[in-house]
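# A look at the structure
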Amino acid sequence: MKITLTVNGDDYPLDVEPRRVLADVLRDDCALTGTHLGCEQGVCGACTVLVDGEAVRSCLMLAVQCDGHPIHTVEGLAGRDGEPHPLQRAFSAERALQCGFCTPGFLMMAAGALENDPSIGDHPERVADLVRSNLCRCTGYEPIQRAIMRAARGE
Amino acid sequence: MKPATFDYLAPRTLPEALAALGEGAQVLAGGQSLLLEMHLKRLDPALVVDVNHVPGLDHLDVADGRVEVGALVRHKVFESPEAVPGPLGGLFARAVVNIAHPPIRTRGTMVGSLAWAHPASEWCALAMALDAEIDLAAAHGTRTIAARDYFLGPFRTARRPDELITVIRFPLLSPDTGVGFLEHRRTGFSFAQVAVGAAITIREGVVTEARIGLANCADRPIRAEAAEQSLIGAEIACPGGPRVPADHPFTRAGRTAADQDAAPVPEPHADVEYRRHVIAVLVARTLREAAIR
C-alpha cells in the first residue's frame, strides 16, 4: 500500500505491506532507529511514539493506520540545531538512563504527557503513575521520575 | 513474531464496513488486543477492516436513562468520572485505571474489550453486573443481545464473524448508589487474578439493590447473583473497618460469591482454593468501598 508518513515534520512516501507495524516501518523504511522494539506486545513501552500528539505503542499500530497522521519520534525531540530537548537534558542531569534501551520510550511518553498537561510536574503521584507504563531494568524509576519533574519545572 | 500477511480495508461508511465482514475478517478499532493476538499468531485474519474512519461510531450519549458507548470510544475517555452521569461514571473511572496503562488506554476501546472477551476483562465484568445490552450490526440487519447471553467462554462470544458491535448500552445508576471496583494481580503488569466491580444501594440502613460483577473468577465474566441475593434486605449498621468483620453481611456475601457464584480455573500462580479465598476477601472489600460513598 502506498502511504505517506509524516515523521517529525518530514514526509516519507512509502510502499508498505499492511502487516507491518509502525515501529518496524519507522526503523527499517524511514531509517529512524531511535524507536526501539522490545517485547512487540505492548508491555515494555520501548517503542512509544506520539501519533496525533498522543503517546502510543508503535508495535500495536499498523503503519498504514498512520497515513496522514503526524508522528513524532525521539529523533524529533532535539532542536534542528542539535540543542537537546529539556527532557533529554533532565534525563542526563538526573542520570535517568543506564543502558538506554528504554529511554526513547520514556522520553516520548513523558513528552506526550507534558505537552497535553504541563501541570503534571506539580503532581508527583501522577508522574509515578505515568512511568508505570514502561519498563526500565537498569536505573529504577526514581531518577526517571525526578527527570520528568525537573523538565516539567523548566530547569 | 510479526503478523502474517493480510489485506487491509479502511471503509468510510458503515454499510461498506459491514459488507466486508465475514469469516476470516477481523475488526480493527483500537487494535490493542487484535495486534497482540496477531503478533502471537493466535489470530491470523485474511482481512483486517479498520473502522476508525466510519462516521458515527465514536459517540458517547445518554438517552432514556441509559448510556450508549460507540465502537470507537477509547478507554481513556472514562478516566474522567464526569464522562458518564451519576455513580456509573464513578464506577467506570474506578475500573478503567486497572486496564493496561495510559498509552494502551489512548487507543484501546471498551467495545474492543467486549469483542475480545478476555475472562479477566474489567469492562466485561461490568457489562455482566450492569445488564448491559450489545448491538450487533450486520449487512442483513441489526440485533441486540443481553450481556448474559453474549459471553460463551474464554475469548468466545455470540458475535458472528459478519457482525460488528456498534454500541454497548448500560443503564445509569440511581444517584444514591454506591460503587466500588478492586483488583488483585500478581504484578503491576499482570492481568487481574480477580477483579470485582460492585454497585450497591442502601436505604435507611438496608440494602435494596446490589450488583456484583466478577472478572477472572470463571472461564467468562460473571455476575455474582447468589451473593447479591444474600445482601438484599441485609442491615448494614456500619460498612466495616479496613478489615470487614467475619459476621458482616459483606463478608458473608464474599463467601457466597466465592463458593457459589465463582467457578475459578487453576492458573500457574493461583490454584482454585487460593482464588476462592481472594474472591471472598475482594468482594467484601469492594462492597465496603461501595458502601462508604
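These figures come from a predicted structure and were not determined experimentally. (Residues numbered from 1 in each chain as written. Chains lettered and ligands numbered in written order. Predicted model: local features only at pLDDT ≥ 70, side-chain atom pairs only at ≥ 80, totals over all residues.)

## Side note on the overall build of chain A
When helices and strands are counted, chain A shows 5 helices and 5 strands. Traced from its N-terminal end to its C-terminal end, chain A shows the element sequence β-β-α-β-β-β-α-α-α-α. Its C-alpha atoms give chain A a radius of gyration of 15 Å, within 12% of the compact-globule value 15 Å for 155 residues. Seen through its C-alpha atoms, chain A measures out along the principal axes to roughly 45 × 30 × 25 Å. Within the span of chain A, comprising 155 residues, buried residues form 45% of the whole. (Helix = DSSP H or I, 4+ residues; strand = E, 2+ residues; numbered from the N terminus. Rg over C-alpha atoms; globule rule 2.2 N^0.38 Å. Buried ≥ 20, exposed ≤ 12 C-beta atoms within 10 Å, placed from the backbone.)

## Remarks on the domain arrangement of chain B
On domain assignment, one finds that chain B holds domain 1 (7-53), domain 2 (60-170) and domain 3 (178-291). On a C-alpha basis, the centres of domain 1 of chain B and domain 3 of chain B stand 36 Å from each other. (Domains from an automatic or database assignment.)

## With respect to the packing of helix H2 (residues 86-93) of chain A against helix H5 (residues 142-152) of chain A
All names here are of chain A. Axis separation between H2 and H5 bottoms out at 8 Å; the angle between their running directions is 135°. The orientation of H2 relative to H5 falls into the category oblique. Two packed elements cross with a definite hand, and for H2 against H5 that hand is right-handed. Along its contact with H2, which presents Pro86, Leu87, Ala90, Phe91 and Ala93, the element H5 presents Ala147, Arg150 and Ala151. Of the residues assigned to the contact of H2 with H5, the class counts are 7 nonpolar, no polar and 1 charged. (Axes fitted to C-alpha atoms, helices over the stretch in contact; angles between N-to-C directions. Parallel < 35°, antiparallel > 145°, perpendicular 65-115°, else oblique. Left-handed = near helix turned anticlockwise from the far one by under 90°. Contact = placed C-beta atoms within 7 Å. Nonpolar A, V, L, I, M, F, W, Y, C, P; charged D, E, K, R; others polar.)

## Remarks on the sheet that holds strand E4 (residues 60-63) of chain B
Residues and elements named next belong to chain B. Across the sheet, which stays open at both edges, the 5 strands sit in the order E4-E5-E10-E6-E7 with antiparallel pairing between neighbours. The open sheet has two edge strands with one neighbour each: E4 and strand E7 (141-146). Put simply, the sheet's adjacent strands are angled 20° from each other on average, direction ignored. In this structure, strand E5 (residues 66-70) lies alongside strand E10 (residues 164-171), joined through 5 bridges in antiparallel fashion. In the strand pairing of E10, glycine 70 is matched with valine 167. (Pairing = 2+ DSSP bridges.)

## Side note on the nonpolar core
Formed by 144 residues in total, the largest nonpolar core has its most connected members in Leu114(B), Leu214(B), Ala257(B), Ile279(B) and Val283(B). Aside from chain neighbours lying at most four places away, what touches Val283(B) is Val196(B), Ile212(B), Ala224(B), Ala227(B), Ala253(B), Gly254(B) and Ala257(B). (Core = buried A, V, L, I, M, F, W, Y, C linked by C-beta atoms within 7 Å.)

## Regarding the interface of chain A and chain B
Contacts between chain A and chain B engage 23 residues on the former and 23 residues on the latter. For the side of chain A that touches chain B, the element with the highest residue contribution is strand E4 (residues 54-57) of chain A, accounting for 4 residues. Here the side of chain A that touches chain B is built from residues that sort into 11 nonpolar, 6 polar and 6 charged.

## Overview of the environment of His69(A)
Residue placement: His69(A) occurs in the loop between E4 and strand E5 (70-72). Once residues within four sequence positions are removed from consideration, His69(A) is found in contact with Val51(A) and Asp52(A).

## Quick word on the pairing of strand E3 (residues 47-50) of chain B
Residues and elements named next belong to chain B. In this sheet, E3 lies alongside strand E1 (residues 7-9) in parallel orientation, the contact comprising 3 bridges. Paired with aspartate 7 across the bridge in E3 is leucine 47. Of the pairings in the sheet, the one linking strand E2 (residues 25-28) to E3 comprises 4 bridges and is parallel in character. Considered in E3, the bridge of glutamine 26 is made with valine 48. In this fold, E2 hands off to helix H2 (residues 34-39), which returns the chain to E3; that crossover is right-handed. (Right-handed = clockwise from strand over helix to strand, strands pointing away.)

## Considerations on the pairing of strand E3 (residues 48-51) of chain A
Residues and elements named next belong to chain A. Side chains Thr48 and Leu50 project from E3 onto one buried face, and the interleaved Val49 and Val51 project onto a second face that is buried too. By the bridge criterion, 4 bridges tie E3 to E4 in an arrangement that is antiparallel. Across the sheet, the residue bridging to valine 49 is valine 56, located in E4. Two successive antiparallel strands, E3 and E4, enclose a turn made up of 2 residues, where aspartate 52 displays a positive phi of approximately 55°. Of the pairings in the sheet, the one linking E3 to E5 comprises 2 bridges and is antiparallel in character. Across the sheet, residue valine 51 finds its bridge partner in E5, namely isoleucine 71.

## Things to note about H2(A)
Residue and element names in this part refer to chain A. Along H2, the residues that are buried comprise Leu87, Gln88, Ala90 and Phe91. Considered in projection along H2, the buried side chains sweep an arc of 160° and stay on one side of the axis. Two residues or fewer after H2 comes arginine 95, characterised by a positive phi angle close to 55°. (Arc of directions from axis to C-beta.)

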